[in-house]
Amino acid sequence: MIKVKNISKIYKIGTVESVAVSDVSFEIKKGEYVAIMGPSGSGKSTLMHILGILDQPTSGDYFLDGQKVSQLTEDEAAEVRNHKIGFIFQAFNLLPRTTALQNVILPMKYADIPKEERAEKAKKYLKMVGLEDRMEHTSNQLSGGQQQRVAIARSLIMNPAILLADEPTGNIASAQADEIMKIFEKLNNQGHTIIMITHEADIAKHAKRIIHIRDGKIEKDEKIRK
Amino acid sequence: MNDLIETILESFQTLTLNKMRTGLAILGIVIGIGSVISLISLGQAGQKSIENNIQSLGSNLLTVMPSGTRSGAVSGAMGGGESLTLDDAKAIESTTKITTINYVSPELRRRSQVTAGRNNTNTQIIGVYPSYPIIRKINMANGVFINQSDVNSMKKVAVLGPQVVESLFGTGVTNVTGQTIRIAGQQLKIIGTTVSKGGSGFQNQDDVIYVPLSTAQKQLFGINYLSSIAVEAKSSQVMESARNEIGYFLLDRHKLSDPTTADFSILSQSDILDTASQVTGTFTALLGGIAAISLLVGGIGIMNIMLVTVIERTREIGLRKALGAKKKVIITQFLVESIILTFTGGILGMIIGVIVSFILTKTMNLPFAVSLSSIFLAIGVSGAIGIIFGWYPAKKASDLQPIEALRYE
């Protein structure tokens, strides 16, 4: 499913080079639930951006679903993100002043899915995350946990190959965070591949595998037995 | 197509969120388009009014004017010469060589002080033949015009234009026949007044006094030449041949073989019209040009607002790109917004421009006309401004890297 080979990311600020990710290789199979864990500045966010094709590695190869995606054009990358990757951000990133339903519909607009199908499908996913009575609420009328559930519905709407979650519980209360973790577990049980970036060990332990990152390198790659 | 409509609706929603800013951005375009439309309409109204004036001077009209007096290689101004005489006019009328004309009117124009009782005014005196009102389309309000026997016996009679009547006898006085006026020490009896032709400034036909040609030449001014000979051609189709016939006939009479040395020139109404149109056309273009500058300023205002909008919505753009929006989608979104801004401004500006030009033409007593072309121009130009000045901000938005945009706080 995901194959990362000798990926490095070097930022150049003037003449000073700073290495964010250094020669990282790993594989993630379909149906896995992986947490990428590390302290801030460890390079985990850069790695997540590369996995999400929001950023390109300086060197190395990245295969997603058998496709080499490390040197795509901007528009090609947009298409791959649209079809194969579901994003869940720490800050939710819903469109402001827009209803939950419209937020979930958004990726389908970019995929040219017929208009008639969009609302039907979006309602189905909002129901799945338990927001069937909040569909016409705008994002600022929803709590943090509710906003994150809208974001989860949005990330699933295109039936992507992987779900990429960047500190998904970082901005919400702990009771609601547990709910989000339960949804992730359920999704993983249904066969979804989930990659979660976090710096919290409590959150990371919900995953079935933890990749520890420090100073841009993999420190430890452990399987969690439950 | 459906998606485009949706994008347009979304843009409307976004733009109405910040009404103050949207209104100010539009205002620049409203003022720009409004001033272009009103100034161009005003220029065109002026042009139309001048054309009407010239047309009212008489159609199918050719005017023979003397060239300036020549002394060696230096020639004086047109109309200042003394080369045309009454005999020239009579010969043009009686010759069998010219077949394309109806009437000939010899004319002598001079400005002079005129008094009636204690009032006096400075006006144009025209020495005329009876053919004058026929050619110049002059109608009588009271009394009669000068006839051939008045001319033959050099009678001291005068016909007054309405404006002269007003300046000499006061407003509201209409019938002044039988009263007398004094010109150049001579006493003349008023035998009639003319109907107003509504001209103004350029060749005002209401501010004149007509006297018999012979009276003007011998009794008032003591000269024996003419200022001009007006000739009416049989139809507008034969204007050119009439002009040639008269030209060669007069060259022959004046014993000149080379047309370039002619001591006269022949103007048609269309020549005068062309010159006047050229002048007013230049004026209209100048006004339009000045207004176009304000439109340019309005366009820059739109660009400025759109650039601010792009910066404000950096995170939104980043999110849209992360979710799969291609460059084209982002460009379309921002272009639609700027086109809506300029287009709305264009339509409002057009309405205001039409209203302003209506008020201006009414107060200036000019014919009001809004050309369809200026409306299409307004719509087209405002749309084009939206694209031109919206393009750079839209391109800037689409070029944002999703990662940079998402990181933006």
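Structure shown above.
All of these numbers come straight from a predicted model, not from anything done at the bench.

### Regarding the overall build of chain B
- Tallying secondary structure elements over chain B gives 13 helices and twelve strands in all.
- Its C-alpha radius of gyration of 33 Å places chain B more than 25% over the 22 Å reference for a compact globule of 409 residues.
- C-alpha atoms of chain B, sized along the principal axes, occupy 105 × 55 × 40 Å.
- When each of the 409 residues of chain B is scored for burial, the buried share is 48%.
- Excluding contacts between residues fewer than 6 apart, the proportion of contacts in chain B whose partners are at least 24 apart in sequence is 77%.

### Side note on the interface of chain A and chain B
- Taken together, the contacts link 25 residues of chain A with 24 residues of chain B.
- Carbon and sulfur atoms make up 55% of the area that chain A and chain B hide from each other, which totals about 2,200 Å².
- Its largest share of buried area at the contact with chain B, chain A owes to Leu 54, Glu 74 and Tyr 110 of chain A, together 28% of the area lost on that side.
- Joining chain A to chain B, the criterion identifies six salt bridges.
- Where Glu 10 of chain B meets Lys 109 of chain A, a salt bridge forms, and the shortest distance between an N and an O atom there is 2.7 Å.
- Here the element with the most residues in the side of chain A that touches chain B is helix α2 (residues 74-84) of chain A; it accounts for six residues.
- Of the residues contributing to the side of chain A that touches chain B, the split by class is eleven nonpolar, three polar and eleven charged.

### Brief notes about the sheet that holds strand β5 (residues 67-68) of chain A
Residues and elements named next belong to chain A.
- Here we have four strands laid out as an open sheet, ordered β2-β1-β4-β5, and antiparallel in their pairing. Taken across any chain shown, the strands that pair with only one partner, and hence form the sheet edges, are β2 (16-28) and β5.
- Where strand β1 (residues 2-13) and strand β4 (residues 59-64) come together, five bridges link them in antiparallel fashion. Bridge pairing links Ile 2 to Leu 64 in β4.

### So, the environment of Asp 88 of chain B
Residues and elements named next belong to chain B.
- Following the sequence through the fold, Asp 88 ends up in helix α3 (residues 86-94).
- Put simply, Asp 88 and His 254 are 166 residues apart on the chain and 9.1 Å apart in space, counted from C-alpha to C-alpha.
- Those residues in contact with Asp 88 that sit more than four places away from it in its chain are Ser 83, Ile 229, Leu 250, Arg 253 and His 254.
- Within the structure, Asp 88 has its side chain in polar contact with the side chain of Arg 253 (distance 2.7 Å).
- Separated by 3.0 Å, the side chains of Asp 88 and His 254 make a polar contact.

### A few points about the packing of helix α5 (residues 144-156) of chain A against helix α6 (residues 174-189) of chain A
Residue and element names in this part refer to chain A.
- Running from N to C, α5 and α6 cross one another at 20°; their axes reach a closest spacing of 9 Å. Classified by the angle their axes make, α5 and α6 are roughly parallel. The interaxial crossing formed by α5 with α6 has right-handed handedness. Facing α5, whose interface residues are Gly 145, Gln 148, Arg 149, Ile 152 and Leu 156, α6 presents Gln 176, Glu 179, Ile 180, Ile 183, Phe 184 and Leu 187.
- Taken together, the residues of the contact of α5 with α6 break down into six nonpolar, three polar and two charged.

### Re the packing of helix α9 (residues 269-312) of chain B against helix α12 (residues 372-398) of chain B
Residues and elements named next belong to chain B.
- For the pair α9 and α12, interaxial distance at closest approach is 9 Å and the crossing angle is 30°. What the angle tells us is that α9 and α12 run roughly parallel. Like other packed secondary-structure pairs, α9 and α12 cross with a definite hand, here right-handed. The residues of α12 that touch α9, namely those facing Leu 295, Leu 296, Gly 299, Ile 300, Met 303, Met 306, Leu 307 and Val 310, are Val 381, Ile 385, Phe 389, Tyr 392, Pro 393, Lys 396 and Ala 397.

### A word on the sheet that holds strand β7 (residues 162-166) of chain A
Residue and element names in this part refer to chain A.
- Strand order in the open sheet formed by six strands is β6-β7-β8-β3-β9-β10, with mixed pairing between adjacent strands. In the strand order of this sheet, the two ends are held by β6 (85-88) and β10 (217-223), each with one partner. Taking the axes of each pair of neighbouring strands and ignoring which way they run, one obtains an average angle of 15° across the sheet.
- Strand direction decides the pairing type here: β6 and β7, joined by four bridges, are parallel.

### What to know about the packing of aromatic side chains
All names here are of chain A.
- Under the counting rule described, the total for this entry stands at five aromatic pairs over all chains.
- Where Tyr 33 meets Phe 184, the ring centres are 6.5 Å apart and the plane angle is 65°; that geometry is what we call edge-to-face. Of this pair, Tyr 33 sits in strand β3 (residues 33-37) while Phe 184 sits in helix α6, and the two are 151 residues apart along the sequence.
- Overall, the relative accessible area of 2% leaves Tyr 33 in the buried class.

### Let's talk about α3 of chain B
- Among all positions in α3 of chain B, only Leu 86, Asp 88, Ala 89, Ala 91 and Ile 92 of chain B are buried.
- The inward-facing, buried residues of α3 of chain B abut β4 (101-116), α7 (213-221), β11 (228-233) and α8 (239-253) of chain B.

### Some words on unusual backbone geometry
- Here the phi dihedral of Asp 215 of chain A falls at roughly 55°; this positive angle occurs in a residue that is not glycine.
- One non-glycine residue, Lys 137 of chain B, adopts positive backbone phi at about 55°.
- With respect to the helices, strands and loops of the structure, Lys 137 of chain B is situated in the loop between α4 (132-136) and β6 (140-143).
- Accessibility expressed as a relative area gives 37% for Lys 137 of chain B, which makes it partly exposed.

### Brief notes about the pairing of strand β9 (residues 209-214) of chain A
Residue and element names in this part refer to chain A.
- Among the six residues in β9, five count as buried, and that is most of the element.
- Two elements, β3 and β9, share four bridges in a ladder whose sense is parallel. Bridged to Val 34 within β9 is Arg 209.
- In the sheet, β9 pairs with β10 via six bridges, with the strands oriented antiparallel. If you follow His 212 over to β10, its bridge partner there is Lys 220.
- Where β9 folds back on β10, the antiparallel hairpin that results is connected by two residues, among which Asp 215 adopts a positive phi of roughly 55°.

Conventions we followed
Residues numbered from 1 in each chain as written. Chains lettered and ligands numbered in written order. Predicted model: local features only at pLDDT ≥ 70, side-chain atom pairs only at ≥ 80, totals over all residues. Heavy atoms only, no water. Helix = DSSP H or I, 4+ residues; strand = E, 2+ residues; numbered from the N terminus. Rg over C-alpha atoms; globule rule 2.2 N^0.38 Å. Buried < 20%, exposed > 50% of the residue type's maximum accessible area, 1.4 Å probe, protein only. Contact = heavy atoms within 4.5 Å. Buried area = accessible area lost by both parts, 1.4 Å probe. Salt bridge = Lys/Arg side-chain N within 4 Å of Asp/Glu carboxyl O. Nonpolar A, V, L, I, M, F, W, Y, C, P; charged D, E, K, R; others polar. Pairing = 2+ DSSP bridges. Polar contact = N/O pair within 3.5 Å; in protein donor to acceptor, adjacent residues only side chain to side chain. Axes fitted to C-alpha atoms, helices over the stretch in contact; angles between N-to-C directions. Parallel < 35°, antiparallel > 145°, perpendicular 65-115°, else oblique. Left-handed = near helix turned anticlockwise from the far one by under 90°. Phe/Tyr/Trp six-rings, centres within 6.5 Å; stacked < 30°, edge-to-face > 60°.

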